[in-house]
Amino acid sequence: MRKSGVLVLIAIGFLFPFYLSAGGSGEAADETVELDLWIPGSGEDGEAYEEIIESFEQRVDNVSVSLRVIPWAEYFTVLNTSFAGGVGPDVYGLGFGQLGPVLADGNLLPLNEYLEGWDGWDDISPAMLEAGSSEGTLYAILAPEIRALAIRRDLFEDAGLDPEVPPSSLDELREYAEQLVIRDGDRIEIQGLDLKSSFNSEQELLQFMAHVGQDRLWNDQLEPLFETDEAIEALTIMQSYFLDRLSTYSDDLEFDDGLAAMSFISSNAAPQLEASFGDDVIWHRMPNGRSGAWGTFFAVGNGTNHPELAVELFKEIMSPEGQMVILEKQGLLPTRRSVEEEFLSLHPRNEVFFHGVQNGYTLGTINPNFFQVIDAIRPAIEEAAHGMKEPEEALRDAAENYRREVGR
Amino acid sequence: MKRNRLMYDYEAYVLILPNVIVYAAFILIPAIGTIGLSFTDFNIFQSTFIGLRNYTRLLEDERFFRSLVNTLNYTVGTIVPSLVLGLLIAVVLNNPVRGRAGFRMVIFLPHVLSVVAVSLAWMYLYNPSAGVFNQLLRQMGLPRFDWLRDPNMAMPSIIGMQIWNGVGYYMVVYLAGLQTIPDYLYEVADMDGASKPRKFFSITLPMLAPTTFFLIVTGVIFSFQVFGQVYIMTGGGPLNRTTTIVHQIYYRGFEGYQMGYASAMAVFLLLLTVTVTLVNIRLGRGRGATDEA
């Protein structure tokens, strides 16, 4: 019996950690309201928000903000798990692919009512407001990075081109690429234009589509717009870069590695590129002057226990001062016209970026079927890029796949 | 006597209880839950019973069929060369070769490295511009390859890496198997004047049948679960030429949040693995490979 008792105690001891982890923590009674702010990114990205939080806590009494920075790869899983468990954050960041599903599951607070009289309505770029809206209701605001045309000065000069005179049309873009590409036999050593054929290729396609007159992948009724004549024309142009060996099939950032002469590249790559290439990197507006905008949305959770305070924190992030802090520490661009002078004074290239934000476009209004869009269109682009399908067939198949998946 | 026997059993059950609880909580119950989820459209937030729709969807999913073919290609492509190379290396290193302990260590070392580290390292080796392989080919005046970007080269490139990564394990298991072959068989063969190849094919190979059978069964099970290499090196592309069943499960479940459909894929994989394993066992019994197992 004594021996059995000892063994039972040993077995219970193995299970002890589970008891500890299952224990709940009680909350002490406190007048201070606690808000949770979750941000996708790396540890350094939190610095911007710590500064914003400090300013917010000084401005608003009896509120304490807890910041959590979660790596992108885990972010959506952690976020969804928290929502499923009823313990989601009060204010949080979201990517394009996450916004629609989170809205569809009722986890975004409608903001129109809470933002009545807010100065942001008139100050923030309409495209950035639209990107976070659905059926006229604002749910999130985009803190963007935009695509601009980055070129290599040295490669332009070697090809006999003036680096201060960028291509002003798709035809010129093509001509420049043909002059800039460097090949060694059959192999492309330096791409004329760095394009993606698979991962994030829909962003490239949208750039070409915007040049031929369509800057949406879906309409307001969430029906696909990637089988239109404009989309087919855009993919045909994009396909020609691959088949005529002006671009490789790499999805790596080859412009960053010095393996491409031009690229539609994200604005937040600017510091790194300038560190690598110095003055040899020049930023220009897109040939048609319009840039695709991506980035991180900010939203308020619909399950927050303190919606007014959470919206105040949201407004702090979206304030002119907040946006400039985020720009400085995280590289996401300000969307307010009121900070134009300050923003432009920081660096000459910011003229390109500011113009891109104010004249930019996004994918359209919030689409809960964003994954189905990507799932349908990326294979289509890849098949066309490899010459396996004609662009029209590829995009019509993509639209059909999208409708079938959405209809399930 | 009966009371003592019960007390003895009671102690044993108590000792294995923590392991059983952990196994049930993290493996058994989730597996049963996955089967249940496969009949729903679960997306983390809501779940509706949809019967067999996920399974009928599998039948229409071209990409899933592609992943099945890729998985089978990967399995055959890694196991057969690994068996052959592992056996040959084991036979050589079973002899009193100078420095054989060091050789054994070097060949086995890749197997203990993490899949992530190996995949990242080989991505750089395969880099078309700066990678070592293409640099060597360039130096030799030979054509270079788009190893991971060429739809026809991507899966062979991953298989090549996996053979390098796994052959050490096969070698070690075969070395253990070689120790079980009685020396007198070779002595008798020597007395009969048998050549080395004859001894290899008539003694070594047949006596290693149980070992080979074990390696095939376990190799198939592990190969069916390939994911990390594909996820890191190619993301399933180009043109879905490297996507595998587990990669599709991840893609549907954790990128598309179609957990119900991903669960159906997982159940399919489970049934496939069990079926193939049972077939292997039956074939092995027929050839006497399981006699000593």
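Before going into details, it helps to say that this report is about the structure given with it. Keep in mind the model is a prediction, meaning the values are calculated, not measured. (Residues numbered from 1 in each chain as written. Chains lettered and ligands numbered in written order. Predicted model: local features only at pLDDT ≥ 70, side-chain atom pairs only at ≥ 80, totals over all residues. Heavy atoms only, no water.)

1. Concerning the overall build of chain B
A tally of helices and strands in chain B yields 13 helices and zero strands. Taken from N to C terminus, the helices and strands of chain B fall in the order α-α-α-α-α-α-α-α-α-α-α-α-α. Out of the 293 residues belonging to chain B, those deemed buried represent 41%. For chain B, restricting intrachain contacts to residue pairs at least 6 apart in sequence, the fraction spanning at least 24 positions comes to 66%. For chain B, the exposed surface amounts to about 16,400 Å²; the carbon and sulfur share of it is 67%. Computed over 21 positive and 15 negative side-chain charges, the inter-centroid distance for chain B is 3 Å. (Helix = DSSP H or I, 4+ residues; strand = E, 2+ residues; numbered from the N terminus. Buried < 20%, exposed > 50% of the residue type's maximum accessible area, 1.4 Å probe, protein only. Contact = heavy atoms within 4.5 Å. Areas by Shrake-Rupley, 256 points an atom, 1.4 Å probe, with all protein chains shown as cover. Lys, Arg positive; Asp, Glu negative; His and termini not counted. Charge placed at Lys NZ, Arg CZ, Asp CG, Glu CD.)

2. Some points on the overall build of chain A
Secondary structure summary: chain A contains 17 helices and 11 strands in total. Counting only C-alpha atoms, chain A reaches 85 × 60 × 45 Å along its principal axes. Each of the 408 residues in chain A was classed as buried or not, and the buried ones make up 57%. If you sum the accessible surface of chain A, you get close to 17,400 Å²; carbon and sulfur atoms cover 47% of it. Separation between the mean location of the 26 positive side-chain charges and that of the 73 negative ones in chain A comes to 6 Å.

3. What about the packing of aromatic side chains?
By the definition in use, this model includes 31 aromatic pairs over all chains. Note on Tyr-49 of chain A and Phe-298 of chain A: the rings are 5.7 Å apart at their centroids and 45° apart in plane angle, and the pair reads as tilted. Pair noted here: Tyr-49 of chain A is in helix 2 (residues 46-59) and Phe-298 of chain A is in strand 11 (residues 293-300), with a separation of 249 residues, a long-range link. You'll find Tyr-49 of chain A and Phe-298 of chain A in the same group, each marked buried. In this structure an aromatic cluster arises from ring pairing among Trp-122, Tyr-126, Phe-133, Phe-145, Trp-147 and Trp-164 of chain B. (Phe/Tyr/Trp six-rings, centres within 6.5 Å; stacked < 30°, edge-to-face > 60°.)

4. Looking at the interface of chain B and chain A
If you look at the interface, chain B gives 35 residues, while chain A gives 35 residues. Summing both sides of the interface, chain B and chain A together bury roughly 3,000 Å²; the carbon and sulfur share of this comes to 57%. On the chain B side of the contact with chain A, Phe-45, Arg-149 and Leu-239 of chain B bury the most area, a combined 23% of that side's loss. Summed over the shared surface of chain B and chain A, the result is eight salt bridges. The shortest N-O distance in the salt bridge between Asp-184 of chain A and Arg-144 of chain B comes to 3.0 Å. Secondary-structure elements contributing two or more residues to the side of chain B that touches chain A are helix 1 (2-37), helix 2 (53-60), helix 6 (132-139) and helix 12 (245-255) of chain B. It is helix 1 of chain B that contributes the most residues to the side of chain B that touches chain A, nine residues altogether. Of the residues assigned to the side of chain B that touches chain A, the class counts are 18 nonpolar, six polar and 11 charged. (Buried area = accessible area lost by both parts, 1.4 Å probe. Salt bridge = Lys/Arg side-chain N within 4 Å of Asp/Glu carboxyl O. Nonpolar A, V, L, I, M, F, W, Y, C, P; charged D, E, K, R; others polar.)

5. What to know about the nonpolar core
The biggest cluster of nonpolar side chains holds 134 residues, and the ones touching the most others in it are Phe-208 and Met-262 of chain A. If we skip the residues at most four places from it in the chain, Phe-208 of chain A touches Leu-170, Leu-173, Leu-193, Leu-195, Ala-234, Ile-237, Met-238, Tyr-241 and Phe-264 of chain A. (Core = buried A, V, L, I, M, F, W, Y, C linked by side-chain atoms within 4.5 Å.)

6. Notes on empty space enclosed by the protein
Residue and element names in this part refer to chain A. All told, the structure shown has two cavities of 30 Å³ or more when counted by the stated rule. Here the largest cavity is characterised by a volume of approximately 60 Å³. In this structure, the largest cavity is lined by Phe-96, Leu-99, Gly-100, Ala-131, Trp-218, Phe-297, Leu-363, Gly-364, Thr-365, Ile-366, Asn-367 and Phe-370. Broken down by element, the residue count for the lining of the largest cavity peaks at three residues, all from helix 4 (residues 96-104). Counted by class, the lining of the largest cavity contains eight nonpolar, four polar and no charged residues. Taken as a whole, the second largest cavity spans an internal volume of roughly 40 Å³. Around the second largest cavity sit Ala-143, Met-318, Gln-323, Ile-326, Leu-332, Leu-333 and Pro-334, which together line it. Across the lining of the second largest cavity, the residue classes tally to six nonpolar, one polar and no charged. (1 Å grid on protein atoms, 1.4 Å probe; cavity = no way out; pocket = protein on both sides within 12 Å on 5 of 7 lines; lining within 4 Å. Points joined across faces, edges and corners; volume = space filled by probe spheres on them.)

7. Things to note about the packing of helix 3 (residues 62-93) of chain B against helix 7 (residues 154-179) of chain B
Residues and elements named next belong to chain B. Put simply, helix 3 and helix 7 touch, their axes get as near as 6 Å, and they point 40° apart. Taken as axis vectors, helix 3 and helix 7 run oblique relative to one another. In this structure, helix 3 crosses over helix 7, and the sense of that crossing is right-handed. Partitioning the contact of helix 3 with helix 7 into residue classes produces 20 nonpolar, seven polar and no charged. (Axes fitted to C-alpha atoms, helices over the stretch in contact; angles between N-to-C directions. Parallel < 35°, antiparallel > 145°, perpendicular 65-115°, else oblique. Left-handed = near helix turned anticlockwise from the far one by under 90°.)

8. So, the side chain of Thr-40 of chain B
Residue and element names in this part refer to chain B. Within the secondary structure layout, Thr-40 lies in the loop between helix 1 and helix 2. Residue class for Thr-40 comes out buried when judged on its relative accessible area of 10%. Within the structure, Thr-40 has its side chain in polar contact with the backbone oxygen of Leu-37 (distance 2.8 Å). Once you skip the residues sitting within four places of it in the chain, Thr-40 turns out to touch Ser-47, Thr-48, Phe-49, Ile-50, Asn-54 and Gly-260. (Polar contact = N/O pair within 3.5 Å; in protein donor to acceptor, adjacent residues only side chain to side chain.)

9. Describing helix 5 (residues 115-125) of chain B
All names here are of chain B. Along helix 5, the residues classified as buried are Val-118, Ser-119 and Trp-122. Projected down its long axis, helix 5 carries its buried residues within an arc of 95°, all on one side. Buried residues belonging to helix 5 abut helix 4 (100-112), helix 6, helix 7 and helix 11 (228-233). (Arc of directions from axis to C-beta.)

10. Some words on helix 15 (residues 350-358) of chain A
Residues and elements named next belong to chain A. The element helix 15 is largely enclosed, with a buried count of eight among its nine residues. Of the positions making up helix 15, those classed as buried are Asn-350, Val-352, Phe-353, Phe-354, His-355, Gly-356, Val-357 and Gln-358. Residues of helix 15 that are buried in the fold lie against helix 6 (126-131), strand 6 (140-152), helix 11 (270-277), strand 10 (281-284) and helix 14 (340-346).

11. Notes on the pairing of strand 10 of chain A
Residue and element names in this part refer to chain A. Alternating residues of strand 10 divide into Val-281 and Trp-283 and Ile-282 and His-284, and every residue in both groups is buried. Here strand 6 runs beside strand 10; their pairing, made up of four bridges, is antiparallel. Bridged to Ala-150 within strand 10 is Trp-283. (Pairing = 2+ DSSP bridges.)

Function cannot be inferred from these measures alone, as they are strictly geometric.
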